[in-house]
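Residues per chain are reported as follows:
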Amino acid sequence: MDKEHSLVSGQLDKCELQYTPVEDISGTVSALRDSFASGTMRDVGFRKQQLRALLKGLREDKKNLLDALYHDLHKSYSEGLYAEFDSVEYEIGQYLDNLDKWVKPSRNALAMDQPAFLLSKSEVRKEPLGVVVILGAWNYPLRLIMLPAIGAIAAGNTVVLKPSEVAPHTALALQNLLSRCMDPNVIRVVQGGVKETTLLLKEKFDHYFYTGSGSVGKIVARAAAEHLSGITLELGGKSPAIVHADVKDLAPTAFRIMWSKLANSGQTCVATDYILIHRSIKDKLIPLLVEAVAGMYGKSPKESPDYGRIINARHWNRLIDALNATEGTKIAVTDDLPDEGDLYFPPTIVDGVRPSDSLMKDELFGPILPIITYDTLEEALNLVNSRDQPLALYVFAKVDTAEAVVARTRSGSATINDTMFSLASQSNPFGGVGPSGVGRYHGKHTLDTFSHHRHVMKRPLWFPSPGVDSIRGPPFTGSENSWKTNLSHQMVYPTLWSLRDSVLGKLVTLIPFWRMLVTIPGFLVALIKSKPVIRRRKD
């Protein structure tokens, strides 16, 4: 073990991760539902108090969490810090700095657009959804579960957290942290495998948030559909990097591609899954890719303290099987070989890959980089568009070329002249499209995901007068009621500039307060002809 790390409290050396008793799962959800119903989470000050407690506990348990990441994935101290811990700390900071502003109702001066709402007050309030469940992933077991949890709490929900049992050290470290520093009426952890997760998904939640594979995502989606609840799915897909002939500099291109492929040993949902490269520059790029590997991890990455490991033997064998079945040409990158006992899989580049190759069937989720050559940009675009929309798309080219690629493809996100480093910009939304995911999060976008945007309107009873107010309802027939149609049109849905055919009509819309002015004749007619539907009684 790297000298930077020590054992995680020794607990997993003595026993396995303790799963939540199945008979306790329903009670856990019910307790959080009762807690939400009490109204405590409506208080923004209380939410911020919980976030401060979480921040304090996070800092106190920093070493335990980083040690756990090393135990589960062989993540170095530095990678665990910037790829997981720092992002969680930063997210809490974003909410503590901005929550008061983000939860303020948004208001719209309706009367400026629709005169019928004169003297009305209209606002959209961000209200909590209720009890939500967040199911985490094993590849970034701290970041991918805590970022949505922070937003869910900030939005005023109570939360059931289900860490991935595939990363048991981090799951235990998280449970210890949250049970010690957080109010159990706000957030609780359920531990377990397939059996426990299946029972958990039978419970009714007001929002389901899942990060992981598409196959499990479909199961979570069915569970949400059973209750007609909201859902966020952060899935994945085969994210390509297109390297076109007009790219300005191949050296940083090679480094950024290999960094995204090899961070966390390739087990990243937005890692570069494969390269599409123009034939004219392929022979220049490949040596630079090999050089980038050596520059980061040396010729024997197995000996590097910074190179990760595959999560378990099943995934290691999955990668071996895919590599053995390829018809591409394996390029010598390192001096060492795969080691199942150590779960080590070396950086691997495979040239001459065809779209039908074994390496192109599913998301690789490992340090294997297939290279597909193309002759025209149209050919590359056709290949990308023939597949499911990926979670990310990367293109290295001149800006005009890159913009054309982005415009003609679909993906969860797109980055020009870089790869997954864009994920660190946590003020921007992150999420997939189609098979790569549903919904988005990060920063304020997480708050929006876990909030109901509730429109609330306040109307005076004394305005408009009962007679004018009658424009909304029958009777409409008869010449004596024809004024209703004309006035209601002008007051509720006035004819906008783009809906007018005549030049004079369009010019009218340039007059200040024109919407109000055009209703005046109708108002005068209404005052003369209108009769209240219900006459006032003198009691």
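Residues numbered from 1 in each chain as written. Predicted model: local features only at pLDDT ≥ 70, side-chain atom pairs only at ≥ 80, totals over all residues. Heavy atoms only, no water.

### Looking at the sheet that holds strand 13 (residues 392-396)
So, step 1. A sheet is described by the order of its strands in space; here 7 strands give the open sequence 10-11-12-9-8-13-14, paired in mixed fashion. Only two strands of the sheet have a single partner each, and these edge strands are strand 10 (329-331) and strand 14 (413-416). Here the average twist between neighbouring strands, direction ignored, is 25°.
So, step 2. Pairing between strand 8 (residues 240-243) and strand 13: 3 bridges, direction parallel. Looking across to strand 13, one finds that Val 243 is bridged to Phe 396. (Pairing = 2+ DSSP bridges. Helix = DSSP H or I, 4+ residues; strand = E, 2+ residues; numbered from the N terminus. Axes fitted to C-alpha atoms, helices over the stretch in contact; angles between N-to-C directions.)

### Thoughts on the nonpolar core
So, step 1. Leu 54, Ile 134, Met 146, Leu 161, Val 243 and Leu 289 are the most contacted members of the largest nonpolar core, which has 89 residues in total.
So, step 2. It is helix 6 (residues 143-154) that contributes the most residues to this core, 9 residues altogether.
So, step 3. Excluding residues that lie within four positions of it along the chain, Leu 54 makes contacts with Ile 92, Met 146, Ile 150, Leu 177, Leu 178, Cys 181 and Met 182.
So, step 4. Counting residues in each nonpolar core, the second largest holds 29 residues, with Leu 343, Leu 364, Leu 381 and Leu 393 among its members. (Core = buried A, V, L, I, M, F, W, Y, C linked by side-chain atoms within 4.5 Å. Buried < 20%, exposed > 50% of the residue type's maximum accessible area, 1.4 Å probe, protein only. Contact = heavy atoms within 4.5 Å.)

### Regarding the sheet that holds strand 1 (residues 106-107)
So, step 1. Strand order across the open sheet formed by 3 strands is 1-2-16, with antiparallel pairing between neighbours. Single-partner strands in this sheet number two, and they are strand 1 and strand 16 (451-458).
So, step 2. Judged from the 2 bridges that link them, strand 1 and strand 2 (residues 121-128) form a sheet pairing that is antiparallel. Counted as the bridge partner of Arg 107 is Glu 123 from strand 2.

### Things to note about the layout of surface pockets
Picture a little ball the size of a water molecule; that probe, rolled over the atoms, points out where space is still empty.
So, step 1. Of the voids in this model, the largest pocket is the one considered here, and its volume is about 1500 Å³.
So, step 2. What lines the largest pocket is a set of 48 residues, and nearest its centre among them are Tyr 210, Gly 212, Ser 213, Gly 214 and Ser 215.
So, step 3. The dominant element in the lining of the largest pocket, judged by the number of residues it contributes, is helix 9 (residues 214-226), at 6 residues.
So, step 4. Residues that form the lining of the largest pocket fall into these classes: 18 nonpolar, 18 polar and 12 charged. (1 Å grid on protein atoms, 1.4 Å probe; cavity = no way out; pocket = protein on both sides within 12 Å on 5 of 7 lines; lining within 4 Å. Points joined across faces, edges and corners; volume = space filled by probe spheres on them. Nonpolar A, V, L, I, M, F, W, Y, C, P; charged D, E, K, R; others polar.)

### Regarding the environment of Glu 60
So, step 1. Mapped onto the elements of the fold, Glu 60 is located in helix 3 (residues 44-60).
So, step 2. Separated by 17 residues in sequence, Glu 60 and Tyr 77 have C-alpha atoms that sit 16 Å apart.
So, step 3. At 2.6 Å, the side chain of Glu 60 forms a polar contact with the side chain of Lys 56. (Polar contact = N/O pair within 3.5 Å; in protein donor to acceptor, adjacent residues only side chain to side chain.)

### A look at the packing of helix 2 (residues 22-37) against helix 8 (residues 194-201)
So, step 1. Where helix 2 contacts helix 8, the axes come no closer than 10 Å and their chain directions differ by 35°. Regarding helix 2 and helix 8, the two cross each other, and that crossing is right-handed. Residues Val 22, Ile 25 and Val 29 of helix 2 touch helix 8, and the partners they reach there are Lys 195, Glu 196, Leu 199 and Leu 200.
So, step 2. When the residues that make up the contact of helix 2 with helix 8 are grouped by side-chain class, the tally is 5 nonpolar, no polar and 2 charged. (Left-handed = near helix turned anticlockwise from the far one by under 90°.)

### Looking at the pairing of strand 12 (residues 368-374)
So, step 1. Among the 7 residues that make up strand 12, 7 are buried, leaving the element largely enclosed by the rest of the structure.
So, step 2. What you see with strand 12 is no split at all: Ile 368, Pro 370, Ile 372 and Tyr 374 on one side and Leu 369, Ile 371 and Thr 373 on the other are buried throughout.
So, step 3. When strand 9 (residues 274-278) meets strand 12, the two strands line up parallel, connected through 4 bridges. Considered in strand 12, the bridge of Ile 275 is made with Ile 371.
So, step 4. Looking at chain direction, strand 11 (residues 348-351) and strand 12 are connected through 3 bridges and run parallel. The residue of strand 12 that forms the bridge with Ile 349 is Leu 369.

### Observations regarding the packing of aromatic side chains
So, step 1. The full count for this structure, using the stated rule, is 11 aromatic pairs.
So, step 2. A ring pair is formed by Phe 205 and Tyr 208, whose centres lie 5.6 Å apart and whose planes are at 85°; its orientation type is edge-to-face. Summarising the burial analysis for this pair, Phe 205 and Tyr 208 share the class buried.
So, step 3. The interplanar angle of 65° and the centroid separation of 6.0 Å between the aromatic rings of Phe 430 and Tyr 441 together place this pair among those described as edge-to-face. Placement of the pair is Phe 430 in the loop between strand 14 and strand 15 (437-438) and Tyr 441 in the loop between strand 15 and helix 15 (444-449), with a sequence separation of 11 residues.
So, step 4. Owing to a relative accessible area of 1%, Tyr 441 belongs among the buried residues under this scheme.
So, step 5. One aromatic cluster in this structure is built from Phe 209, Phe 430, Tyr 441 and Phe 450.
So, step 6. Its end group placed over the ring of Phe 476, Lys 484 keeps NZ or CZ at 5.6 Å from the ring centre. (Phe/Tyr/Trp six-rings, centres within 6.5 Å; stacked < 30°, edge-to-face > 60°. Lys NZ or Arg CZ within 6 Å of the ring centre and 35° of its normal.)

### Structural notes on empty space enclosed by the protein
So, step 1. This model, assessed by the stated rule, comprises 1 cavity of 30 Å³ or more.
So, step 2. What lines the largest cavity is simply Gly 237, Ser 239, Lys 261, Gly 266, Thr 268, Cys 269, Ala 271, Thr 272, Asp 273, Glu 363, Phe 365 and Gly 366.
So, step 3. The class makeup of the residues in the lining of the largest cavity is 3 nonpolar, 6 polar and 3 charged.

### Concerning the pattern of salt bridges
A side chain with one charge can pair with a side chain of the opposite charge if their charged atoms come near.
So, step 1. Tallied over the entire structure, the rule returns 24 salt bridges.
So, step 2. Between Glu 60 and Arg 180 there is a salt bridge, and its shortest N-O distance comes to 2.9 Å. Remark: Arg 180 occurs in helix 7 (residues 168-181) and Glu 60 occurs in helix 3; sequence separation between them is 120 residues.
So, step 3. Classification of Glu 60 as partly exposed rests on a relative accessible area of 46%.
So, step 4. Three or more residues joined by partner-sharing salt bridges are found here, namely Lys 56, Glu 60, Asp 61 and Arg 180. (Salt bridge = Lys/Arg side-chain N within 4 Å of Asp/Glu carboxyl O.)

### As for the environment of Pro 494
So, step 1. For Pro 494, the position within the fold is in the loop between helix 17 (482-492) and helix 18 (503-508).
So, step 2. For Pro 494 and Glu 327, which are 167 residues apart along the polypeptide, the C-alpha to C-alpha distance reads 66 Å.
So, step 3. Setting aside residues up to four positions removed in sequence, Pro 494 forms contacts with Asp 113, Pro 115, His 489, Trp 514 and Arg 515.

### Topic: a nonpolar patch on the surface
So, step 1. A cluster of nonpolar side chains, contributed by Met 112, Ile 511, Phe 513, Leu 517, Ile 520 and Leu 524, occupies part of the molecular surface with about 590 Å² of accessible area.
So, step 2. Here Phe 513 lies in the loop between helix 18 and helix 19 (514-517). (Patch = residues over 30% accessible without salt bridge, like charges linked within 9 Å, V, L, I, M, F, W, Y side chains within 5 Å. Areas by Shrake-Rupley, 256 points an atom, 1.4 Å probe, with all protein chains shown as cover.)

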